[in-house]
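# Residue-level structural notes
Now for the letters of each chain:
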Amino acid sequence: MSLVPYREGSVILGDPSSRSLVIVNPSSGSLEFYRKIYKTGPDGPDGHGDVKSRRYSIASYVCPRCGTEIHPRLPLTEVDEDDPNETTDEKNLHGMNLSRKYFHFLEDSHKINESSASMLPPPHPFFIPQELFIPGYFHKFFRVLSLLGSGARGSVFKVVHRIGDIDLGIFALKKIPIGNDMVWFQKCIREVKALSSLTHMSANLITYNHVWLEMDTACGLVRTLDGEESDTVQDIPCIFILQQYCSGGNLENFILKDVFHKFADIQSPEERKRLFRFKKTHSHVPLGLSTEQIVHIMRDIARGIHELHDIGIIHRDLKPSNCLLLKNYNVETALDEFYPTIVIGDLGESQKDGEYRSATGATGTLEFTAPELIISGKTVDYREYSFASDIYSIGMVCYFIVFGELPFEPHMEIRDLKLAIKGILFNKESLLQQHASLGLKPIDGRIFELMELLLSKDYEKRPSAKEVELFLDEVWISLDLETASESLEPRESDCEETLDDIDSQSLVPISDSRPKQSTTRPKLTPSVWKKWLCVLMNMVIVTSITFSSPQASIPVHMSLILLGVSIRSNLRQQRWFLAILLMARVYVGISTTYF
Ligand SMILES: Nc1ncnc2c1ncn2[C@@H]1O[C@H](COP(=O)(O)OP(=O)(O)OP(=O)(O)O)[C@@H](O)[C@H]1O
C-alpha cells in the first residue's frame, strides 16, 4: 500500500495486492476507485503469458516521488494467528503494512493553507485556533472495533482505518479530551513530540502514525442506559493519536491473568472454561515464567528504554500496563513456549533529560517510582527524574514479572506507600528465598542479582539501560549454551561467584559467559526432558536411516551430522531437527523402495 500525490490537493492510494487505486481529494472528501483488470492467457498486455503479465502490472506500482517499488507481499506486521477473537478479515488487515510515507502525506494534506484558512468561520470559544481542527475526520475515516483500555488521560480504541469501503489496517487510536486547557494540551502533545523524535522504526517502542485535533465527545462511546448512543453530550476539543495496534494487550494483564491466574472473576465465561481445562491438565506445573521468558521480556523492555535514553528522553512512567504485547497469548498453547515481543507505549509522561519536573506537571505511577523522586511530608530531599529513575522502574517491572505482584500491600494509603518505597531494600538472597517459599517455577539466580542492582536505593549504583540490555543478551546466549550442554545432574550453586561477577558500578556482562546455575534450578525441568526425548527420537530415526540406506551414502552422512548438531541445540531447534530427520527417513524409504 502506498500513497502518492496526484492532481493538486489529491492523493492516490495504491494497493498492488488487490490491483486497485483510490484517488482521494481530502478537501472535498470525494473518492474515485479504480481496479486494474488483467487480460489472461498468452495474449497478456505485454505479449507474455499470464504469470509475466501479472508480474509486469504489479511492478508498475512505483511511487513517483520516492521511486519505491511496491511489492505485492511486503514483510507484514506481526499477524496474530492465535487470537480467537479476531475475524479473518481483521487478521488480513494486520497484514496491511501502511507505509510511513502514507502518514507523512496525510500530515501534509491536513495542513490547511493560508488562503483556505481565511475562508473559515469565525473563531470558536476554545483557545486552539479553529483551523487546526479536522472536522469529521475520525468518524469518516475510522470504524471503532472495541475499547482497548482507559488511562488517566484518555481512552484507547481498536479501530479500522478506512477510506470509503476500503479497509486500510487496524490501529490503536488514543483519544485525549483537551477541553480549553492550554497547559493540559501542552502536556498531552508531549507524547507525540517524544514519539516523533524517534527517527527510525524501533522494534520495542510503539510506532506512532498520525495525530490530529477534532471536536468530539469527552468520554468516547457514550451510550444511554438502554444502549443507544447519546447525542446530547457536548463535543469538546480532543487530540487523536493513531498508533500501532498491539494485539496481545498489556503486560500487566498477561502476567496477572495468563501467568499467575489471578482475577478469575473478571474473566469471560470462555476464558474461565479454558483456564479450568488448562489447570486440570497442568495442576503439577508451578506458576511463573521461565528464565528464558523473563530474559526475553526484560531484554525487549531494556532495549526500548535504551533507545529512548539514547535520544535523551526519560520515559518516567514505565510500568507493566505500558508494556504492550505484539502477539496474543492463546491459553490452549503451552505457556512456556510463548515468547511475546514487547513494545513500550504511553510516552505521555516522558520528558527530556535535564528538564525540571515542575515544568512537566504530572508524575508517574507511585509504585514504580524510584525512592529518590518521592516527595513525602515537608522534606525537600528529592531529585529530578533521570535515566536512573527509569532503571528503577525496569527493576520493579522485573519484580512484578517474576513474582506476579508488587512488594507493597495492595491499596495502601499514599503516605504509607511513599514511606514503604523509601524504606524498602532489595537483596538477592532474600529475593531468592521469597521466590523459593512461594513455590514458583525455578529461575536462574542471575535474575535476582539483576533485580537487586536495578532496584538499588543508590541511583548511582544502577546500571544504564545499555548495560542491562547487554547483560541480558549475555544471559540469553549462555542459556542457549546451557540448554545444549545441560547434564541431568544438578551442579553446585555458584550464587556467591555471580554476585561478585557483577560490578555494582557498571553491569558488565559476564565475560566468560559460563553457564551458571542458581540454587533454584531443578534437576529435571519439563523442557530438559522434552529435549532429551527429542534427542532420543532423532537417534532412533538416524539409526533407522543408517540401516536402510547403503553404507556411507549422503543421507547417512547428513543425518549423522544433523544428529550431532541437534544434541547441542535447544528444544525449539530440536523440533526442527526432528522434522527434517523424519523427512529424510521418508525420502530414504521411498528411494530404497522405488529406485
Ligand atoms: N497501541 C496499543 N495497542 C493495544 N492496546 C493498547 C495500545 N495502547 C494502549 N492500549 C491499551 O489501553 C490501555 C490504556 O492505555 P493508556 O496508555 O491510555 O493508559 P495506561 O497506561 O493504562 O494508564 P495511565 O495513562 O493512567 O498511566 C493500556 O493499558 C493497554 O491495555
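Everything in this summary refers to the structure shown in the same document. Residue numbers here run from 1 along each chain, matching the order of that chain's written sequence. Local features in a predicted model are, by the rule used here, given only for residues with pLDDT of at least 70; side-chain atom pairs are given and counted only at 80 or more, and totals for whole chains, interfaces and linings are based on all residues. Excluded from the side-chain calculation are hydrogens and water; included are all heavy atoms of the structure.

Only the contacting stretch of a helix is used when fitting its axis, a line to C-alpha atoms as for every element, and angles between N-to-C directions run 0 to 180 degrees. In DSSP terms, a helix is any run of H or I states spanning at least four residues, a strand is any run of E spanning at least two, and both are numbered starting from the N terminus. Two numbers describe how helix H11 (residues 387–403) lies on helix H13 (residues 428–437): the axes approach to 11 Å, and their chain directions differ by 25°. In terms of orientation, H11 and H13 fall into the roughly parallel class. Counting all contacts with H11, which are made through Tyr-399, Val-402 and Phe-403, the residues of H13 involved are Leu-431, Gln-434 and His-435. Residue polarity is assigned by list, with Asp, Glu, Lys and Arg as charged and Ala, Val, Leu, Ile, Met, Phe, Trp, Tyr, Cys and Pro as nonpolar; anything else, Gly included, falls into the polar class. Taken together, the residues that form the contact of H11 with H13 break down as four nonpolar, two polar and no charged. What sets the label is the angle itself: under 35 degrees gives roughly parallel, over 145 gives roughly antiparallel, 65 to 115 gives roughly perpendicular, and the rest give oblique. We call two residues in contact when some of their heavy atoms are within 4.5 Å.

Moving on to the pairing of strand S5 (residues 142–150). Consecutive residues of a regular strand have side chains that alternate between opposite faces of the sheet. Two strands pair when backbone bridges link them, and S5 and strand S6 (residues 155–163) are joined in this way by seven bridges, in the antiparallel orientation. For Ser-146, the partnering residue across the bridge sits in S6 and is Lys-158. Count of turn residues in the S5/S6 antiparallel hairpin: four residues. Here the rule is simple: two strands pair whenever DSSP picks up at least two bridges between them.

Here Gln-243 lies in strand S9 (residues 235–244). Dropping the residues within four chain positions of it, Gln-243 is found in contact with Phe-171, Ala-172, Glu-191, Leu-195, Ile-206, Thr-207, Tyr-208 and Asn-209.

Below, the discussion takes up the packing of aromatic side chains. A pair of aromatic rings is counted whenever rings of Phe, Tyr or Trp (Trp by its six-membered ring) have centres within 6.5 Å, and the orientation is called stacked for planes under 30 degrees apart, edge-to-face for over 60 and tilted otherwise. If you walk through the whole model with that rule in mind, you get 14 aromatic pairs. Seen in terms of ring centroids, Tyr-137 and Phe-141 are 4.9 Å apart; in terms of plane orientation they differ by 45°. Their pairing is tilted. One end of the pair is Tyr-137 and the other is Phe-141, both in helix H5 (residues 137–141) and four residues apart, which spans about a single turn. Here Tyr-339 and Trp-476 contribute two aromatic rings whose centre-to-centre distance is 6.2 Å and whose plane-to-plane angle is 80°, an arrangement assigned as edge-to-face. Here Trp-476 lies in helix H15 (residues 465–485) and Tyr-339 lies in the loop between strand S11 (323–325) and strand S12 (342–344), a separation of 137 residues in the sequence. For the exposure calls, accessible area comes from a 1.4 Å probe over protein chains only, and a residue counts as buried if that area is under 20% of its type's maximum, exposed if over 50%, partly exposed in between. Given the relative accessible area of 16%, Tyr-339 is considered buried. In textbook terms, an aromatic cluster arises when at least three aromatic residues are bridged by ring pairs, as seen for Tyr-137, Phe-138, Phe-141, Phe-142, Trp-212 and Phe-240.

So, about the nonpolar core. Core analysis: the largest hydrophobic core is formed by 86 residues, its most contacted members being Ile-239, Leu-251, Phe-254, Ile-301 and Met-451. In terms of residues, this core owes the most to one element, H11, which gives eleven residues. Segment limits for the domains were obtained from an automatic or database-derived domain assignment. The residues that make up this core include at least three from each of domain 1 (129–223 + 233–245) and domain 2 (248–276 + 285–353 + 365–374 + 383–484). Those residues within four positions of Met-451 in sequence are excluded, and the remaining contacts are Gly-395, Cys-398, Tyr-399, Val-402, Phe-403 and Leu-431. The nonpolar core is taken to be a set of buried Ala, Val, Leu, Ile, Met, Phe, Trp, Tyr and Cys residues, with the residues joined through side-chain atoms within 4.5 Å. Phe-103, Val-159, Ile-163 and Leu-168 belong to the second largest nonpolar core, which has 19 residues in total.

Our next topic: the pairing of strand S8 (residues 208–217). With nine of its ten residues buried, S8 lies for the most part within the structure. Looking at chain direction, S8 and S9 are connected through nine bridges and run antiparallel. Within S9, the position partnered with Val-211 by the bridge is Ile-241.

One heavy atom within 4 Å of a molecule or strand is enough for the residue carrying it to be called near that molecule or strand. The ligand sits among 20 residues. The nearest are Ala-152, Gln-244, Asn-250, Lys-319 and Asn-322. In the environment of the ligand, a nitrogen atom lies 2.8 Å from a nitrogen or oxygen atom belonging to the backbone of Gln-244. Whenever a nitrogen or oxygen atom comes within 3.5 Å of another N or O atom, the pair is scored as a polar contact, on the condition that within protein one atom can donate a hydrogen and the other can accept it, and that pairs from neighbouring residues in sequence are kept only if both atoms are in side chains. A distance of 3.4 Å is found between an oxygen atom of the ligand and a side-chain nitrogen or oxygen belonging to Asp-317. Broken down by element, the residue count for the shell around the ligand peaks at three residues, all from S5. Taken together, the residues of the shell around the ligand break down into eight nonpolar, eight polar and four charged.

None of the figures reported here should be taken as evidence of function without further support.
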